[in-house]
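Coordinate analysis (summary)
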Amino acid sequence: MKAVRFHEYGGIDVLRVEEVERPVPGPGQVLVEVRAAGIQPGEVMIRQGARHERWPATFPSGQGSDLAGLVVEVGPEVRGVAVGDEVLGFTHKRASHAEFVVVEDVQLTPRPKGLSWEVAGSLYVAGTTAYATVFAVDPGPGDTVVVSGAAGGVGSLAVQLARRRGATVIGLASEPNHAWLKDRGVVPVAYGEGVAERIRGACGGKVDAFIDTFGDGYVELAVELGVRPERINTIRDWQAAAKVGARTDGEGAAACAVVVGELARLAARGELEVPIARTYPLEQVRDAYHELEQRHTHGKIVLRP
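Glancing now at helix α1 (residues 41-48). Glu43, Val44, Met45, Ile46 and Arg47 are the residues of α1 that are buried. Contacts made by the buried residues of α1 are with β3 (29-38) and α10 (285-292).

A sheet is described by the order of its strands in space; here 5 strands give the open sequence β10-β9-β8-β11-β12, paired in parallel fashion. Edge strands, defined here as strands with exactly one partner in the open sheet, are β10 (187-189) and β12 (232-234). The mean angle between the axes of side-by-side strands here comes to 15°, regardless of whether they run parallel or antiparallel. Of the pairings in the sheet, the one linking strand β9 (residues 168-172) to β10 comprises 3 bridges and is parallel in character. Looking across to β10, one finds that Leu172 is bridged to Val189.

A few words now on the nonpolar core. Counting 45 residues, the largest nonpolar core has Leu88, Val145, Val147, Val159, Val169 and Leu181 as its most contacted members. For this core, the elements supplying multiple residues, two or more each, are β5 (86-90), α2 (117-120), α3 (124-137), β8 (144-148), α4 (155-164), α5 (178-183), β11 (209-212) and α9 (257-268). Looking at this core, the element that brings in the most residues is α3, giving 7 residues. Val146, Ile199, Ile232 and Ala241 belong to the second-largest nonpolar core, a separate cluster that totals 19 residues.

Thresholds applied
Residues numbered from 1 in each chain as written. Predicted model: local features only at pLDDT ≥ 70, side-chain atom pairs only at ≥ 80, totals over all residues. Heavy atoms only, no water. Buried < 20%, exposed > 50% of the residue type's maximum accessible area, 1.4 Å probe, protein only. Helix = DSSP H or I, 4+ residues; strand = E, 2+ residues; numbered from the N terminus. Contact = heavy atoms within 4.5 Å. Pairing = 2+ DSSP bridges. Axes fitted to C-alpha atoms, helices over the stretch in contact; angles between N-to-C directions. Core = buried A, V, L, I, M, F, W, Y, C linked by side-chain atoms within 4.5 Å.

Everything listed here is a matter of coordinates, which is why it stays silent on function.
Spelled out as structure tokens, the structure:
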């Protein structure tokens, strides 16, 4: 089968699509023929070696956590999954950017009828991260919550989940994404110089919670806006969070098939939009990451093996 591999830390040029042996499922595992697999900013940092102390790579390394596809083989002692099932879920083995992947049965959930492969295959990391970060700051009716990177893969879901809890949501995003945010009941605000004044003007001066999906000074901005540290959550700036006592709940805090299944059902019913920025064939994995690393996409970028 074909799979993405890299043999050393570096830029997108170290990514290769190689012929590797097709894996065989063991006890409690199934083999999934991958139809779609999302890509993540965290994978960029791992591949570059920027997260070696936290998430070291073993070479040659595969990559990819998100996945959706068709179950083609099951190992012994598998429960709740059968050959022919359409599923979505995740792997912790950095292996979903491939034509086939072995997955634990407990890491899969059925693909709801009507949910596209692209959405199903890009829901795990962004969806569970958004779910966890909203849960961390606990917005409700009467609260105003600010979300940085509000049109990105995680941010676009976080703003919708926060709105579902009845909060007033201010989304920081570039001007081209303001109409999309408005259509989903989010108050759009442009980022950049003077953003604190624009946020205060948009909400009357009171901010109760802050979700940072971007990094680059937003934890400090939240403190400047008067948000209590326990209601600030960042998925990018752990150093700033440690300094002020903010939270850093992300994917790991909600990494289970139950949450993925809940989000998938919301998306299938049209109650949660998962924007897909673009899809690429597996062979164009370098192009996919080049686009991702510009940090200007609206929604998810997906590989289609």
